[in-house]
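# Fold and geometry: a report
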Amino acid sequence: MKGTYLGEFEEVVLLAVAILSGDAYGAAITNEIEQQLGRSVNLGAVHASLHRLEEKGLLTSRLGGATAERGGRSKRLFAVTMAGTKALDTIREIRNRMWDSIPKTA
Amino acid sequence: MKSNNSQNPPKWPNRLLRLFCASHLVEELEGDLEELYFQRIKSGDINNARFRHTIDVLSMIRPFAFKKEASKYPQPSIIQLSMIRNYFKIALRNMWKNKAFSFVNLTGLVVGITACLLILQYVSFELSFDQFHKDADRIYRITNDRFQQGKLVQHGTITYPGVAPAMGKDFNEIESYTTIGNPGTFSLQKDHKIYEEKGAYVNDHFLSVFTFPLIAGDPKTALKAPRSIVISETNAQRIFHATTDDYATLIGKTVHVDQDTEPYLITGVMKDFPAASHLQYGVLMSYETLAKTWGEWVRAGFESSDMWHYVKLKPGADVAKLEKKFPSFSQRYFKGDKVTGSEEKFFLQPLNKAHLFSDYEYEIGKVNNGKAVWTMLIIAVFILLIAWINYINLSTARSLERAKEVGVRKVAGATSGQLIWQFLSESIILNLLALILAVGLTVALQPVLNQLIEKPLSLSLLTGDGFGGKYMALVLVGIFVLGILLSGFYPAFALSAFKAIQVLKGSFKTSTKGIWVRQSLVVFQYTASITLIIGTFIVFKQLKFMREENLGFNMDRVLVIRGPELTRWDSTAIDRINAFKTELERLPSVKVASASANVFGNRLSRSFNVKRVGADNAKGVTFSRMPVDFAFFETYQIKMLAGRNFRPTDSNNDGNKVTNAILNLSAAKLLGFKDAEQAAGQKFELYGKEWNIVGVVSDFHQQSLKHAIEPIVFAPFYTLAGFFSIKINTADLGNSIGMVKQKYNDFFPGNNFNYFFMNEKFNEQYKDDRIFGQVSSFFSLLAVMIASLGIFGLSSYTIAQRTKEIGVRKVLGATVGSIVTLLSQDFLKLVLISIVIGSPIAWYGVRLWLNDFAYKIDIEWWMFVLAGLLAMIIAFATVSSQAIKAALMNPAKSLKSE
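Residues numbered from 1 in each chain as written. Chains lettered and ligands numbered in written order. Predicted model: local features only at pLDDT ≥ 70, side-chain atom pairs only at ≥ 80, totals over all residues.

### Quick notes on the overall build of chain B
- The number of helices and strands found in chain B is 30 helices and 22 strands.
- For the C-alpha atoms alone, the extent of chain B along its principal axes is close to 120 × 75 × 65 Å. (Helix = DSSP H or I, 4+ residues; strand = E, 2+ residues; numbered from the N terminus.)

Here you go:
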């Protein structure tokens, strides 16, 4: 299944959704990423990743409430699925193992 | 402009977003965009916010945004086998249910496609002429225009023997050339039997310039030696009863040709010339033979214009550049008009124009009118378009009946895509059926058409043997597929667009939206029909005019027999000819008999340097010549305007002693005489001697009315290779021919007796025009018929929609007449528009056609009125039959159904 591989930006988006748990929607995620990474990202790129992650089954979404600052338009709220959590865990494990394998010579 | 509105995000990116974005995503995306925008305004400058907003929108042009929302229900594919089976079933049932309607619809298509296929075969055949030659695009014919005092006196493909050899020497663009001389019908003699066959003398490059393959013999040497002859396969079978295997054994055998006492040696057997070749010969004889029999001048002479030359250029040679060198070439060899009495201009005519686009005098090959061929092609396209338009009109006309079906299908869940597929597949079925029937009909009609137009047409001309080769078939398939789809699309869309609720509720009324489409289609059909009607009408007027125009001579019941070509000329020849004529005149059915070197309808030879004696500025002029005897003018009842007729004593066995001549009026005027009286008794100079003008005859049409009347000089020369014209004064022609034949065989044994009637032979000049008239009128009639089917369909459609209106009108006291008028006038308006559009088109077309004739009818306004009236009557008859039926209906019936 192609869903096992996560690109770098996808990983960042998935993490942002996890951070914002419960209030993760397009604009908020964009802001979160910009703050965390310290660089600007396009809303289109974020949404494209969100769709891809949802297709891979790592995210679910539902339509949420509307707020005044978005002109009364409803937002789509994303949440990390079990599979998504597992994927993040796996990545972290792999990274840790790799960090641990670096010989401590210095 | 900078109000608090400027705080809002720019509008156009949002508009763009809505354009490309799937609708279910628009709301959340716009929400996100707006939220970010206002956040950015708060934290920074507005321009940056606007810029980022735009960038964000542009960044969303990605696949995820285009994707439609997934349906909650399973989506079956649009092509479902069971549904397609159902479409077919419904289509067939529908056709079966409306048998009359389907029949009309199918007939229109079958007739249209058949006509189109037949015409296309003809066009393909005509356009494919001379394409079979290898390097056909590099082969050119030398043409020669001759001018005297700045006036064109001859526009010919015939020219001097020396032209091609000199060009071959002077211009290295020319790869090789071939010369053709003395083409005509030859009498081949073998074992005391005479076989007539068309042939020519050609030089040894003939078989390498052209692609006429030999089955036996060496093409390089076959035509080198004097008295070599190459015969066609047909002749090998006819004369030597050879079979395919033993053609090689014929080489070395001999035949005798015409009067030549020495035998001709067979050096090759060639395949018969293809039908699509402008040159048509059954025998080829070596050019060297002519050098022996006619004289050395045929090799490189510049005095007599008697030969045809074809050159093959080297690959990549520039024709235009080469032609630019011809004026200096002409100056070099002809020195103005010093050599031949006229200024010579030379041109190169591409081989592929020799058959269809050649307007030269002294043509060597089969020539057809390219305009006629294009006209036929246009008619074919018209007919096909009209047939498809009909299909569109008739199918939409039926849409009312199908409306309920569409409604029910939609309620049951059919999408409009599925409905379009359904109706499209119906039109594909009907069109394919029509195509199959049309191909069958084409094959069935083929023999009849071939006989009528005397051409070997077949379907294979469209599948690779004709113009364009295999591409032709591909293009045709493409056209048919496109036509079927296009003609299917409109009805399919019209039908699938019905609103289910309206249809089922019964408040359904077809929109008037589609009306103008159908109306303009009808206008197109009728414009095409009217153009064709007018065209046909004028073609027939011109044909009738040519048949009935006074030619200036009387050719009724004139029997013409060919002279005894195989009898040798000697000092007794003139006496024998005269004795033969006297003997003929003693037959009770023969009124008068005469001899001449040529007869009407053939192109006459010309003399180019005729000068009036005694005039101050004696410039050379050009006359056509016609050697005739003293009885000729009497036989054809040509009027003597001044002077006297020839006497037997004017002729002499020694041609040099003949000095009396008769001119026609045009010739007399060309010499500068005011009228016939003034010319009679005067003198002119020709062939280096002076001639007395003993008489002047009135002008007559020596050739068809396509040609202008020519100045002609008549001299009392005799020849055995000419014609005898015999005026018969009884209706019993068969018996007379028998008696003439007997006398002929007594006087000139060993010759074939060939005869024809002058009027038949003369009118044969109009054969192509007559066939063109017949064929085009037949197909025009078809076009009109199919167009009438269309208007029939459309009127039944509109009238069906207005049944209630008609009922109400009748209840209120309208008469049948007023209702018929009401229903018909809409259509008559359309026809009127068509007349207005079609008339100028037709006028332009027929004027182009008439330009080919030197003597032609005037195009008059009443011709258009008559054709228009005819179209009106046809349209009215078609519509009123339906209108009357509707008007006679009991209003109680149409009104109670509410």
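### Quick word on the overall build of chain A
- From N to C terminus, chain A includes four helices and two strands.
- Helices and strands in chain A line up, N terminus first, as α-α-α-β-β-α.
- Counting only C-alpha atoms and orienting by the principal axes, one finds that chain A spans roughly 60 × 30 × 20 Å.
- Burial status across chain A gives 30% buried among its 106 residues.
- Within chain A, contacts between residues separated by at least 24 positions form 45% of all contacts whose residues are at least 6 apart in sequence. (Buried ≥ 20, exposed ≤ 12 C-beta atoms within 10 Å, placed from the backbone. Contact = placed C-beta atoms within 7 Å.)

### Examining the nonpolar core
All names here are of chain B.
- Counting residues in each nonpolar core, the largest one holds 90 residues, and the members touching the most others are Ile-119, Ile-383, Ile-386 and Ala-783.
- Taken together, the elements giving at least two residues each to this core come down to helix 6 (99-127), helix 14 (370-397), helix 16 (416-453), helix 17 (470-496), helix 19 (515-548), helix 26 (767-801), helix 28 (816-850) and helix 29 (861-888).
- Setting aside chain neighbours within four positions, we find Ile-386 in contact with Gly-112, Gln-525, Ala-528, Ala-783, Ile-786 and Ala-787.
- One finds Val-558, Val-590, Ala-680 and Ile-726 within the second-largest nonpolar core, a separate group that totals 61 residues. (Core = buried A, V, L, I, M, F, W, Y, C linked by C-beta atoms within 7 Å.)

### A closer look at helix 14 of chain B
- With 28 residues, helix 14 of chain B ought to run about 40 Å at 1.5 Å a step, and its terminal C-alpha atoms sit 40 Å apart, in line with that.
- In terms of residue burial, helix 14 of chain B counts as a mostly covered element, since 22 of its 28 residues are buried. (Expected span 1.5 Å × (residues − 1).)

### Describing the packing of helix 19 of chain B against helix 29 of chain B
All names here are of chain B.
- Packing of helix 19 against helix 29 leaves a shortest axis separation of 9 Å and a crossing angle of 130 degrees. Classified by the angle between their axes, helix 19 and helix 29 sit oblique to one another. Considering how the two elements wind past one another, helix 19 and helix 29 form a crossing that is right-handed. Of helix 29, the residues touching helix 19 (which contributes Tyr-526, Ser-529, Ile-530, Ile-533, Ile-534, Phe-537 and Ile-538) are Met-863, Phe-864, Ala-867, Gly-868, Leu-870 and Ala-871.
- Here the residues of the contact of helix 19 with helix 29 sort into eleven nonpolar, two polar and no charged. (Axes fitted to C-alpha atoms, helices over the stretch in contact; angles between N-to-C directions. Parallel < 35°, antiparallel > 145°, perpendicular 65-115°, else oblique. Left-handed = near helix turned anticlockwise from the far one by under 90°. Nonpolar A, V, L, I, M, F, W, Y, C, P; charged D, E, K, R; others polar.)

### What about the interface of chain B and chain A?
- With 17 residues of chain B at the contact, the number on the chain A side is 18 residues.
- Contributing elements (two or more residues each) for the side of chain B that touches chain A: helix 2 (23-43) and helix 3 (46-59) of chain B.
- Of the residues forming the side of chain B that touches chain A, the biggest block, eleven residues, is contributed by helix 2 of chain B.
- Residues of the side of chain B that touches chain A, tallied by class, amount to seven nonpolar, two polar and eight charged.

### With respect to the environment of Asn745(B)
All names here are of chain B.
- Checked against the element boundaries, Asn-745 lands in helix 24 (residues 733-747).
- With 13 C-beta atoms counted inside 10 Å, the residue Asn-745 sits in the partly exposed group.
- Sequence separation between Asn-745 and Pro-564 is 181 residues; the distance between their C-alpha atoms is 9.6 Å.

### Details of the packing of helix 1 (residues 8-19) of chain A against helix 3 (residues 43-56) of chain A
Residue and element names in this part refer to chain A.
- Where helix 1 meets helix 3, the closest approach of the two axes is 10 Å, and the angle between their N-to-C directions is 85 degrees. Taken together, the axes of helix 1 and helix 3 lie roughly perpendicular to each other. Where helix 1 abuts helix 3, its residues Phe-9, Glu-10, Val-13 and Leu-14 lie against Ala-45, Val-46, Ser-49, Leu-50, Arg-52 and Leu-53.
- When grouped by side-chain class, the residues that make up the contact of helix 1 with helix 3 number seven nonpolar, one polar and two charged.

### Considerations on the sheet that holds strand 13 (residues 590-596) of chain B
Residue and element names in this part refer to chain B.
- Reading across from one edge, 13-21-12-22 is the order of the four strands in this open sheet, with antiparallel pairing throughout. Each of the sheet's edge strands pairs with one partner strand only, and the pair in question is strand 13 and strand 22 (755-757). Between one strand axis and the next, the sheet turns through 20 degrees on average, direction left out of account.
- In this structure, strand 13 lies alongside strand 21 (residues 723-728), joined through six bridges in antiparallel fashion. Paired with Ala-595 across the strands is Phe-724, a residue of strand 21.
- Here helix 24 sits on the sheet and contacts strand 12 (558-562), strand 21 and strand 22; the angle it forms with strand 12, its principal contact strand, is near 30 degrees. (Pairing = 2+ DSSP bridges.)

### Points about unusual backbone geometry
- Here Gln149(B), not a glycine, exhibits a phi torsion of approximately 50 degrees, which is positive.
- Structurally, Gln149(B) can be placed in the loop between strand 1 (139-148) and strand 2 (151-156).

### Some details on the pairing of strand 20 (residues 712-715) of chain B
Residues and elements named next belong to chain B.
- Alternating positions in strand 20 separate into two faces, Ile-712 and Phe-714 on one and Val-713 and Ala-715 on the other, with burial throughout.
- Bridge count between strand 17 (residues 660-664) and strand 20: two bridges; the pairing is antiparallel. Paired with Ile-662 across the two strands is Phe-714, which belongs to strand 20.

### Digging into the environment of Ile436(B)
- Take Ile436(B): it is sitting in helix 16.
- With 56 residues separating them along the chain, Ile436(B) and Ala492(B) place their C-alpha atoms 23 Å apart.

### Examining the confidence of the model for chain B
- With 97% of its residues at a pLDDT of 70 or more, chain B has an overall mean of 87.
- Prediction confidence for the complex, expressed as pTM and ipTM, is 0.76 and 0.88 respectively. (pLDDT = per-residue confidence, 0-100.)

### Section: the confidence of the model for chain A
- The predicted model of chain A averages 87 in pLDDT, with 95% of residues at 70 or higher.
- Within chain A, strand 1 (residues 59-66) of chain A has the poorest average pLDDT of any element, 84, and helix 1 of chain A the best, 92.

### Notes on helix 29 of chain B
Residues and elements named next belong to chain B.
- Its 28 residues give helix 29 an end-to-end C-alpha distance of 39 Å, which sits within 8% of 40 Å, the value for a rise of 1.5 Å per residue.
- Of all the bends found along helix 29, the most pronounced is centred on Ser-880 and spans about 30 degrees.
- Burial in helix 29 covers these residues: Met-863, Phe-864, Ala-867, Gly-868, Ala-871, Ala-875, Thr-878, Val-879, Gln-882, Ala-883, Ala-886 and Ala-887.
- Contacts from the buried residues of helix 29 go to helix 19, helix 26, helix 27 (803-811) and helix 28. (Bend = angle between axes of the 7 residues up to and from the residue.)

### Considerations on the pairing of strand 1 of chain B
Residues and elements named next belong to chain B.
- Taking burial as the measure, the ten residues of strand 1 include seven buried ones, the bulk of the element.
- Sheet topology note: the strand 1/strand 10 (residues 307-313) ladder contains three bridges and is antiparallel. Of the residues in strand 10, the one forming a bridge with Ile-139 is Lys-312.
- Both strand 1 and strand 2 contribute to a ladder of five bridges, which runs antiparallel. Its bridge partner being in strand 2, Gln-148 is matched across the sheet by Lys-151.
- Counting the residues that bridge the hairpin from strand 1 to strand 2 gives two residues, and of these Gln-149 lies at a positive phi of roughly 50 degrees.

### Some thoughts on the environment of Phe64(B)
- Mapped onto the elements, Phe64(B) comes out in helix 4 (residues 63-66).
- The partly exposed category is assigned to Phe64(B), around which 18 C-beta atoms lie within 10 Å.
- Between the alpha carbons of Phe64(B) and Leu25(B) there is a distance of 9.6 Å; along the sequence they are 39 residues apart.
- Excluding residues that lie within four positions of it along the chain, Phe64(B) makes contacts with His47(A), Ala48(A) and His51(A).

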